[in-house]
Amino acid sequence: MSTPAIFIIRLVTSVLVALFISFFFFQEKSVVLVIGLAMALLGLAYVFEYARKRNKDD
């Protein structure tokens, strides 16, 4: 799968999970909150991928 396709899948998944989290844990659904959560989740996906690849090469 190409890199842009993987990014799109991760972006959509992080936005959906951020909406889900904000729906259950925060009463107010602020756009800033959802965008912040989505960015954090997207960043974590790339951090975990880096860690997984780094450990696989050792």
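Scroll up for the structure.
Residues numbered from 1 in each chain as written. Predicted model: local features only at pLDDT ≥ 70, side-chain atom pairs only at ≥ 80, totals over all residues. Heavy atoms only, no water.

Participant: How would you summarise a nonpolar patch on the surface if you had to cite specific residues and measurements?
Facilitator: A cluster of nonpolar side chains, contributed by Met1, Ile6, Phe7, Ile8, Ile9, Leu11, Val12, Val15, Leu16, Leu19 and Tyr46, occupies part of the molecular surface with about 970 Å² of accessible area. Sort the elements by how many residues they give to the nonpolar patch and helix H1 (residues 3–25) lands first, with nine residues. Checked against the element boundaries, Val15 lands in helix H1. (Patch = residues over 30% accessible without salt bridge, like charges linked within 9 Å, V, L, I, M, F, W, Y side chains within 5 Å. Areas by Shrake-Rupley, 256 points an atom, 1.4 Å probe, with all protein chains shown as cover. Salt bridge = Lys/Arg side-chain N within 4 Å of Asp/Glu carboxyl O. Helix = DSSP H or I, 4+ residues; strand = E, 2+ residues; numbered from the N terminus.)

Participant: So what's going on with the pattern of salt bridges? Which residues, and what values?
Facilitator: All chains considered together, the criterion is met by two salt bridges. Arg10 serves as the salt-bridge partner of Glu49, at 2.8 Å between the closest nitrogen and oxygen. Placement of the pair is Glu49 in helix H2 (residues 31–57) and Arg10 in helix H1, with a sequence separation of 39 residues. A residue is classified by how much of its surface remains accessible, and Glu49, at 18% relative accessible area, is buried. The class of Arg10 is partly exposed, set by a relative accessible area of 21%. Its salt-bridge partner being Lys53, residue Glu49 comes within 3.3 Å of it at the nearest N-O pair. Separated by four residues within a single helix, Glu49 and Lys53 lie in helix H2, roughly one turn from each other. (Buried < 20%, exposed > 50% of the residue type's maximum accessible area, 1.4 Å probe, protein only.)

Participant: A description of the side chain of Ser22 should follow, citing residues and the corresponding values.
Facilitator: Turning to its location among the elements, Ser22 is positioned in helix H1. At a separation of 3.0 Å, a polar atom in the side chain of Ser22 contacts the main-chain carbonyl oxygen of Leu19. For Ser22, the residues in contact, after removing those within four places along its chain, are Lys29, Leu33, Val34 and Leu37. (Polar contact = N/O pair within 3.5 Å; in protein donor to acceptor, adjacent residues only side chain to side chain. Contact = heavy atoms within 4.5 Å.)

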